[in-house]
Amino acid sequence: MTSQLPTYWQQACGHLAAQDPVMAKLIAAYPAVSLQSRGDVFHTLARAIVGQQISVKAADTVWARLTAALGDVSSAAVLRQDRDVLRACGLSARKVEYLSDLAVHHQAGRLDPTVWLDWEDEAIIQALIAIRGIGRWSAEMFLLFYLLRPNVLPLADIGLIKAIALHYHAGERLPRAALIELAAAWQPWCSVATWYLWRSLDPVPVEY
């Protein structure tokens, strides 16, 4: 994995801009940035665990503390560190357990994304949610930020829901069925639409 522009990005942007005036404006507003992969399976999943059910800003703060405490947020570093130190970074006791369990899986060689490259998105999600602490949202973040899958729509994501309400419905948050109907125009590039909607809310591009 590399941190390069996804091969489909320009094609997706052209499609979205043609189909959706809101998307056209967002794409024009942020011309020099895109979805990127950090290329580290443990890092991506660990960051997703940290970010569960909190804002991007709060997650960035906790991650910065974790990086300072560990030096390198790797599975080996997590397993070496005392759990009280991890808690002091701002992680809940449950998230510390999840992060530690993920580290055990990684150290045991059970997180090998090369096995998943030809799998459908839903099959990968089901494999990931079998790991303690990895729910559907976290698995979707992995599809987006590690595998760079082009058509992921994380309907439980707080930021996505907020951005759709802001740009499409004058701040009103609509039910799931309405979100799915709106997103029909984004197919098969929902990941790209999601990324631009996130970008519209945060000064720094979202990364996991």
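Residues numbered from 1 in each chain as written. Predicted model: local features only at pLDDT ≥ 70, side-chain atom pairs only at ≥ 80, totals over all residues. Heavy atoms only, no water.

Student: Any chance you could break down the nonpolar core for me, citing the residues and the numbers?
Tutor: Membership of the largest hydrophobic core comes to 68 residues, with the highest contact counts inside it found for L66, L128, W186, V192 and L197. Residue contacts for L197: discarding those within four places in its chain leaves M23, L26, L160, A163, I164, H167, Y168 and W186. (Core = buried A, V, L, I, M, F, W, Y, C linked by side-chain atoms within 4.5 Å. Buried < 20%, exposed > 50% of the residue type's maximum accessible area, 1.4 Å probe, protein only. Contact = heavy atoms within 4.5 Å.)

Student: Please give an account of the packing of helix α3 (residues 41–50) against helix α4 (residues 56–70) that cites residues and values.
Tutor: Two quantities define a packed helix pair, namely the angle between the helix axes and the distance between the axes. Look at α3 against α4: their axes get within 9 Å of each other, and the N-to-C directions meet at 125°. Between α3 and α4, the interaxial angle falls into the category oblique. As for the relative orientation of α3 and α4, their crossing is right-handed in sense. Along the contact surface, α3 presents H43, A46, R47 and V50, while α4 presents A59, D60, V62, W63 and L66. Partitioned by chemical class, the residues of the contact of α3 with α4 number six nonpolar, one polar and two charged. (Axes fitted to C-alpha atoms, helices over the stretch in contact; angles between N-to-C directions. Helix = DSSP H or I, 4+ residues; strand = E, 2+ residues; numbered from the N terminus. Parallel < 35°, antiparallel > 145°, perpendicular 65-115°, else oblique. Left-handed = near helix turned anticlockwise from the far one by under 90°. Nonpolar A, V, L, I, M, F, W, Y, C, P; charged D, E, K, R; others polar.)

Student: So what about the packing of aromatic side chains? Which residues, and what values?
Tutor: Following the criterion strictly, the structure yields nine aromatic pairs and no others. Measuring from centroid to centroid gives 5.7 Å for W9 and W195, while their planes differ by 85°, and the two rings are edge-to-face. Taken together, the residues W9 in helix α1 (residues 9–19) and W195 in helix α12 (residues 190–199) connect sequence positions 186 residues apart. Across the pair, exposure class does not vary: W9 and W195 are buried alike. The rings of Y8, W9, W189, W195 and Y196 are connected pair by pair, giving a single aromatic cluster. (Phe/Tyr/Trp six-rings, centres within 6.5 Å; stacked < 30°, edge-to-face > 60°.)

Student: Summarise helix α11 (residues 176–183); cite the residues concerned and give the values.
Tutor: If you check which residues of α11 are buried, you get L179, L182 and A183. Within α11, the buried residues cover an arc of 95° as seen down the axis, which keeps them to one side. Opposite its buried face, α11 presents the exposed residues A177 and E181, each directed more than 90 degrees away. (Arc of directions from axis to C-beta.)

What is shown is where atoms sit, not what they do.
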